[in-house]
Amino acid sequence: MMGKMNVSNEVLLSLFAEMVWDESIRKYRQEHLYKAIDSALADGDEASFLVLTTELKSLQY
């Protein structure tokens, strides 16, 4: 019984670690996109702005 319990705990910890990792990557990418969007706005680069905001929207859903 203990063997199954340890495997279950390891699987749960692994899934939790993956969720934390995925969220960290998503937040990092989101911050990068916000900066790039600000830059595109400052430069008047409408094409980049549209591409970047589309990507940002896809991250948020």
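Residues numbered from 1 in each chain as written. Predicted model: local features only at pLDDT ≥ 70, side-chain atom pairs only at ≥ 80, totals over all residues. Heavy atoms only, no water.

Colleague: What's the story with a nonpolar patch on the surface in this structure? I'm lost.
Modeller: Residues Val7, Val11, Leu12 and Leu15 make up a contiguous nonpolar surface patch of roughly 360 Å² in combined accessible area. Among the structural elements, Val11 can be located in helix 1 (residues 2-43). Under the relative-accessibility criterion, Val11 is labelled partly exposed at 43%. (Patch = residues over 30% accessible without salt bridge, like charges linked within 9 Å, V, L, I, M, F, W, Y side chains within 5 Å. Areas by Shrake-Rupley, 256 points an atom, 1.4 Å probe, with all protein chains shown as cover. Salt bridge = Lys/Arg side-chain N within 4 Å of Asp/Glu carboxyl O. Helix = DSSP H or I, 4+ residues; strand = E, 2+ residues; numbered from the N terminus. Buried < 20%, exposed > 50% of the residue type's maximum accessible area, 1.4 Å probe, protein only.)

Colleague: Sorry if this is basic, but what is going on with the pattern of salt bridges here?
Modeller: This model, assessed by the stated rule, comprises two salt bridges. In this structure, Glu23 and Arg26 form a salt bridge, with 2.6 Å as the shortest nitrogen-oxygen distance. With Glu23 and Arg26 both in helix 1 and three residues apart, the pair spans about one turn of that helix. The partner of Glu55 in a salt bridge is Arg29, and the shortest N-O contact between them spans 2.8 Å. Here Arg29 lies in helix 1 and Glu55 lies in helix 2 (residues 46-59), a separation of 26 residues in the sequence. Residue Arg29 is classed as partly exposed on the basis of its relative accessible area of 27%.

Colleague: I'm lost on the nonpolar core in this one. Help?
Modeller: Inside soluble globular proteins, nonpolar side chains tend to come together where they are buried. The biggest cluster of nonpolar side chains holds five residues, and these are Leu33, Ile37, Ala40, Leu52 and Leu56. Put simply, the parts of the chain that give this core at least two residues each are helix 1 and helix 2. For this core, the element with the most residues is helix 1, which contributes three residues. Sequence-distant contacts of Ala40, defined by excluding residues within four places in its chain, comprise Asp45, Ser48, Phe49 and Leu52. (Core = buried A, V, L, I, M, F, W, Y, C linked by side-chain atoms within 4.5 Å. Contact = heavy atoms within 4.5 Å.)

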